[in-house]
Amino acid sequence: MSGFEGSYLGANDKISPRAVMECKICWTPYDPEEGDDTRQVLPGTPFMHLPDDWSCPNCDAPKEQFLVNHDPGSDAMAEAAVLSAKTSALVTDFTEVWHAKMRDVPIVNKLLHVQAVGWRMHEGRPLGVLISPWFMNVIQLPAEGEDWNDLMAGSKEIIRFPSGDYEFICNTREQTGGYKACSLFSPMGDFKSQASAVEVAEAVMVALFQEEHRAETDRSADIRAAREEEIAAVEAAEAEAQAAEEDKVDIPEAPTRRQVISAGMASTEAE
């Protein structure tokens, strides 16, 4: 539909498929749940999917003369737009890191790529899983109007979910800004495909909000164990790099412990 004179000056991307429209000439409504028997338009047909020659069944006014009466899906569309913008910046940021710094690091899984999975709003903040070739983390981003750029990199915070309490590590990136990350997997060598990693990430986002998964013991013990495994993996990579240097073998520089624990984003300066 072009030249729409009604709501939002024709910006159909601001009107959800659930929007109930009404003719501004005679105030006859079009409800997508009901469709339009007079033109054999089936129930469930969004207003923007009506034929170009469709007109008001009461006064024959063209589609361009309809306004939004109410839109039950508008909040969902607005939320989806925010999540899309936030996750796009996050994926772009970490994809650049993958190509610039991590591609030749021995511990990465080159079968994988950076992808945001299962994102939703939780208490007004974007939350979801970020997959990369070297880690899988639950990521929380700030709400609209919040500024997390002053987060102290490496500081920790416990965040409560229906399934339990989880330790998140704070960090900041130039494109992403401040964020909080809870480690799920690092390194990622056990995943044989991107699809298998996505399947696990989706399952995590479901289980995170299910009370039946609440641990009977302190979750922090599991988190510490996961961190120790990460450190051991990085130490092994560092030892390999050191041995290669002593043998004068030219291989890519291994990441520091802090770089990997913070999703490879920490400074390369001494810890």
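Scope of this entry: the structure provided in the associated data block. Here, residues in each chain are numbered from 1, in the same order as that chain's written sequence. Two thresholds apply to this predicted model, a pLDDT of at least 70 for residue-level local features and 80 or more for giving and counting side-chain atom pairs, whereas whole-chain, interface and lining totals are computed over all residues. Note that the side-chain values use all heavy atoms of the structure and ignore hydrogens as well as water.

Some remarks on the overall build of the chain
Thinking step 1. Across its full length, the chain holds four helices and nine strands.
Thinking step 2. Helix and strand definitions here come from DSSP, where helices need a minimum of 4 consecutive H or I residues and strands a minimum of 2 consecutive E residues; each element is numbered from the N-terminal end. Reading the helices (α) and strands (β) of the chain from amino to carboxyl end gives β-β-β-α-β-β-β-β-β-β-α-α-α.
Thinking step 3. Buried residues in the chain amount to 42% of all 271 residues.
Thinking step 4. Of the contacts made within the chain by residues no fewer than 6 positions apart, 56% connect residues no fewer than 24 positions apart.
Thinking step 5. To be clear on the numbers: accessible area is Shrake-Rupley with a 1.4 Å probe, and residue cover counts the displayed protein chains and nothing else. As presented, the chain carries roughly 14,700 Å² of accessible surface, and 49% of it is formed by carbon and sulfur atoms. Residue exposure (1.4 Å probe, protein chains only): buried if accessible area is under 20% of the type maximum, exposed if over 50%, otherwise partly exposed. Here a residue-residue contact requires only that any non-hydrogen atoms of the pair lie within 4.5 Å.

Observations concerning the sheet that holds strand E1 (residues 20-23)
Thinking step 1. By this definition, two strands are paired if DSSP reports at least two bridges between them. If you trace the three strands from one edge of the open sheet to the other, you get E2-E1-E3, paired in antiparallel fashion. Two strands bound the open sheet, and with one partner strand each, they are strand E2 (29-30) and strand E3 (66-70).

Some details on the environment of Gln65
Thinking step 1. With respect to the element layout, Gln65 can be found in the loop between E2 and E3.
Thinking step 2. Judged by relative accessible area, Gln65 falls into the buried class, the value being 14%.
Thinking step 3. For the pair Gln65 and Ser55, spaced 10 residues apart in sequence, the C-alpha to C-alpha distance is 9.1 Å.

Comments concerning the pattern of salt bridges
Thinking step 1. We define a salt bridge as a contact between a side-chain nitrogen of Lys or Arg and a carboxyl oxygen of Asp or Glu at a distance within 4 Å. Scanning the entire structure with this criterion turns up seven salt bridges.
Thinking step 2. The shortest N-O distance in the salt bridge between Asp53 and Arg39 comes to 3.0 Å. Here Arg39 lies in the loop between E2 and E3 and Asp53 lies in the loop between E2 and E3, a separation of 14 residues in the sequence.

Re the packing of aromatic side chains
Thinking step 1. Only the six-membered ring of Trp is used, alongside the rings of Phe and Tyr, when aromatic pairs are assigned; centres must lie within 6.5 Å, and planes under 30 degrees apart are stacked while those over 60 apart are edge-to-face, with the rest tilted. Scanning the model with the defined rule gives 13 aromatic pairs in all.
Thinking step 2. With 5.6 Å between their ring centres and 70° between their planes, Tyr30 and Trp54 make a pair best called edge-to-face. In this pair, Tyr30 sits in strand E2 while Trp54 sits in the loop between E2 and E3, placing the two residues 24 residues apart along the sequence.
Thinking step 3. With a relative accessible area of 2%, Tyr30 lands in the buried category.
Thinking step 4. A relative accessible area of 2% places Trp54 in the buried class.
Thinking step 5. With a centroid separation of 6.0 Å and 85° between ring planes, the pair formed by Phe47 and Trp54 is classed as edge-to-face.
Thinking step 6. Every member of this aromatic cluster is reached through a ring pair, and the members are Phe94, Trp98, Trp134, Phe135 and Tyr179.

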